[in-house]
Amino acid sequence: MTEPTFFNKVESLKLGEIAELVSAQLPEGVDASEAIHAVAPIETALGGQISFLDNPKYLPLLETTQATAVLCSKRYAPKVPEGVVALVVGNPYDAFSIVSTAFYPEAIKPLPYFESDGGISQAAHIHPTAKVEKGVCIEPGANVGAGAEIGSGTTLGANAVIGQGVRIGRNCHIGANAVIQHSLVGDHVILHPGVCCGQDGFGFSMSPMGHKKVPQVGRVIIQDHVEIGANSTIDRGANRDTIIGEGTKIDNQVQIGHNVEVGRHCVLVSQVGISGSTRLEDFVAIGGQSGVAGHITIGMGAQIAAVSVVREDVPAGGRFGGVPAKPVKQWFREMAALKKLAEKGN
Amino acid sequence: MTEPTFFNKVESLKLGEIAELVSAQLPEGVDASEAIHAVAPIETALGGQISFLDNPKYLPLLETTQATAVLCSKRYAPKVPEGVVALVVGNPYDAFSIVSTAFYPEAIKPLPYFESDGGISQAAHIHPTAKVEKGVCIEPGANVGAGAEIGSGTTLGANAVIGQGVRIGRNCHIGANAVIQHSLVGDHVILHPGVCCGQDGFGFSMSPMGHKKVPQVGRVIIQDHVEIGANSTIDRGANRDTIIGEGTKIDNQVQIGHNVEVGRHCVLVSQVGISGSTRLEDFVAIGGQSGVAGHITIGMGAQIAAVSVVREDVPAGGRFGGVPAKPVKQWFREMAALKKLAEKGN
Amino acid sequence: MTEPTFFNKVESLKLGEIAELVSAQLPEGVDASEAIHAVAPIETALGGQISFLDNPKYLPLLETTQATAVLCSKRYAPKVPEGVVALVVGNPYDAFSIVSTAFYPEAIKPLPYFESDGGISQAAHIHPTAKVEKGVCIEPGANVGAGAEIGSGTTLGANAVIGQGVRIGRNCHIGANAVIQHSLVGDHVILHPGVCCGQDGFGFSMSPMGHKKVPQVGRVIIQDHVEIGANSTIDRGANRDTIIGEGTKIDNQVQIGHNVEVGRHCVLVSQVGISGSTRLEDFVAIGGQSGVAGHITIGMGAQIAAVSVVREDVPAGGRFGGVPAKPVKQWFREMAALKKLAEKGN
């Protein structure tokens, strides 16, 4: 990367410090006091920098890397070129994450948009009945509605809108232009820009005379340590609550329908859609662009491949894929059979 | 739900009043003056509350419900436990909608974000040439451009942007952070937060020298009683108008291309995409995540299953599904044939 | 279209001027000084108006058009009704674009939302350390963060948020409510409303103990003449940069993951998703709703059909489609084989 960068970086870390951070052993003869100045991609890393190998696809780049040190698994350590320090770790991506955080401690949470350490802007619109704790940052143009409550350490990005009565916990980051209504948000939550949370669910009593709006009087509950990507939409419940469980990470442009319950530590990749009243148990992972039907349950730890369509319950631990989603083995078999058939038919 | 709730609720309704609202007959011996204090989900409803059974999937919950009364069809009335009042109705979901509206009359339209009964905020930006009727609510940070017109009874949510010359009718709700330009919007329209309406259609004259922008000089016409979900995008026409017909309901994250005409009382579920110059006749329903090609027509009353891809005209009344979409019978046959083939091949 | 329109139109152009603009020859006997007052769709065009025929689907409309003149290819010129001037051109859509631009010169770039020729609004929030060149338009409620730089001729729409240190080049249009952070934006760039650019990529070190955020310290680089549609999201790089190459056109609701490199003059239609670290070479075109896996390369000039799923590298010039994407011939063969099989099985 050329200048400018957007984060302050720690000047340097010693190789020995890094090894300790990631619980790796320094190879014999390596100078523990050697300074490392940055983390860098494996193909552009230079002397004084550290990189990592996680995806074997990048193995050819490992063999020619100019980095001073590389975080890698035991398996690939023999491929590290001579003169490059191999720091052998159990999970190279996790180790990279640790080192990267050590270099860029402020990148672990989104920065304010207008200025760092900004306090409460005179250009924010805060209703006199709202309760704002000490140590809150509210940027210009942000709105805090009547009776809303904002916990200390939280940042409301520029032009974010916090509706009447909403409660936001402590140490949260609410992205610029996000709109939060009818919601209770825990601590350490990150909502990226453009997130819409708590609007009416899509409920209509349909008839040949037209469609009658069904009141949506539930709420959205977002538990601690949740992160939700840009322009995602979370509808509030109809007469239940929509719930996003603790530690769950949601990517950009994901749609969550009314009454949905997402468990703890789930991962929903971008452009996924979850239809109303469906329940995801804990540690469910769903690949990008997948769709999940309404009123079903995806069991604990189940994994759904990208671009799948889940129409029925998935058992705990299931690995499903396809349209409609089925166990991956069956899915692969069907794709292979179809390919064969087409070749024969030729 | 635990406290807080976000809507004011009517204290109670008498069982007889409710029966009358939904045109049900109170079973013999039931006290018409018994007070009902809330509507509640069937599995959490307690004495003094009313629930409903619509989806047979929840039948087991009916059999153990603690509700005082349940709205259900004639077919399921025998399953209502002794001591629970069965209110037999033709359409339980519609009846639930009616009762729910009676308890929460203000939930039938989104609430303002900053405060109820707010009038025109000093912190809104209204161009001196804009025309704003009496009885309009404009929240802090909302923008109304030159020559725009806003009808009485309409709310412009915090930070909404109404572009130059746009006309918004009466009794509309424009969501926080929505952006409306080059559009004419009727009465009783609800646009949820983050809706973008009237931006340039995606028109380029492409060539190996690069792609040249084609002027998009049409408009968006949104007729009365339309509702559009959060973060949906409606492009204005190229040299026609993009039209959303009266009473049509559009969910979150739906994309409507330039020149598209959507008929009256259509239903488009979330993440649907309609390509340019396509026409949907009245009462078309399209399931979530489906895509519709450009320059085609979907006939009156046609229903498209979720996650389908419509590449060709669909006749009026057609029930289509799959990729590409075909009559559902043929679609099911193909899925079954593929499954069988894969099993054989095993 | 009925009134009001939103763009100023040139009063009229002479038929001879139009012929010259599009390099067409006026048929013998046609009066070059005849005034043309508007471009119009082929089925509604009247005397004094010009239309075009591009898509053969509209051929029946050509045969009954009331237009004074029609832009069309040599092939369809014989179908132009008597009394209508056929202007024969190599690329009718491109010619239409040229004529349309001549009538609506200001439509070639989005108009400001609040007022034309607005300058810098007193109601904008501009950090004292930001650098704003002369000739910039900043609308009410727009935010410009600390150290950001805005080039001359650029418009920042109402309530747009430009984060700390961001650089926007000259003659750009940043849509209302767009949020740009950690980004370097070139000249002549158009970002439509609601675009979110430069937020954290979706990077977590996952484990049964929960998912740990990986710092995302890269940037977004948007080169000259790029256009990005409403509510699209572009994540910044993890430790590389996310790059959108010169002249690339991106439609609404497109998702671009971290570290993605999109080449020059690519076209991504609405609701496409590109997963992290994938590379598109120049002139790649991807149809609507398609998904592209991470860590792969799509070669120069490749074309991917709408609603496809690209899981592996695509060679330069490849024409791929389907789920997973394969050469279109193979894809069509598979669909035909499946259809046949289902018919047989009946």
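Thresholds, definitions, all that
Residues numbered from 1 in each chain as written. Chains lettered and ligands numbered in written order. Predicted model: local features only at pLDDT ≥ 70, side-chain atom pairs only at ≥ 80, totals over all residues. Heavy atoms only, no water. Least-squares fit on C-alpha atoms with pLDDT ≥ 70 in both. Contact = heavy atoms within 4.5 Å. Helix = DSSP H or I, 4+ residues; strand = E, 2+ residues; numbered from the N terminus. Buried area = accessible area lost by both parts, 1.4 Å probe. Salt bridge = Lys/Arg side-chain N within 4 Å of Asp/Glu carboxyl O. Polar contact = N/O pair within 3.5 Å; in protein donor to acceptor, adjacent residues only side chain to side chain. Nonpolar A, V, L, I, M, F, W, Y, C, P; charged D, E, K, R; others polar. Expected span 1.5 Å × (residues − 1). Buried < 20%, exposed > 50% of the residue type's maximum accessible area, 1.4 Å probe, protein only.

Let us now look at the relation of the copies chain C and chain B. Note on the identical chains: chain C maps onto chain B by a rotation of 120° and an axial translation of 0.0 Å, with an RMSD of 0.0 Å. Taken together, the turn and the small shift mark the pair as related by a three-fold rotation axis. The residues that chain C uses at the interface reappear at the interface of chain B in only 15% of cases, marking distinct surfaces.

What follows covers unusual backbone geometry. Residues and elements named next belong to chain B. In this structure, Pro-324 follows Val-323 across a cis peptide bond, with omega equal to -5°. By secondary structure assignment, the location of Pro-324 is in the loop between β37 (319-321) and β38 (326-327). Its identity is not glycine, yet Asn-171 carries a phi of approximately 60°, on the positive side. Relative to the helices and strands, Asn-171 resides in the loop between β14 (167-168) and β15 (173-174).

Turning next to the interface of chain C and chain A. Counting residues at the interface gives 75 residues for chain C, matched by 68 residues for chain A. When chain C packs against chain A, close to 5500 Å² is buried across both sides, 58% of that on carbon and sulfur atoms. Together, C:Gln164, C:Phe202 and C:Asn239 form the three largest contributors to the area buried by chain C at its contact with chain A, with a combined 12%. There are three salt bridges connecting chain C and chain A. Salt-bridge contacts for C:Lys212 lead to A:Asp94; the nearest nitrogen and oxygen are separated by 3.0 Å. Linking chain C with chain A are 25 residue pairs in polar contact (both at pLDDT 80 or more), by the criterion used here. Looking at the side of chain C that touches chain A, the elements with two or more residues in it are β7 (125-126), β10 (143-144), β13 (161-162), β17 (183-185), β20 (204-207), β21 (210-213) and α4 (328-345) of chain C. With six residues, α4(C) is the largest single contributor of residues to the side of chain C that touches chain A. Classifying every residue of the side of chain C that touches chain A gives 27 nonpolar, 36 polar and 12 charged.

Moving on to helix α3 (residues 92-103) of chain C. An ideal rise of 1.5 Å per residue puts 16 Å on 12 residues; α3(C) measures up with 16 Å between its terminal C-alpha atoms. Restricting attention to buried positions, one finds in α3(C) the residues C:Pro92, C:Asp94, C:Ala95, C:Phe96, C:Ser97, C:Val99, C:Ser100 and C:Phe103.

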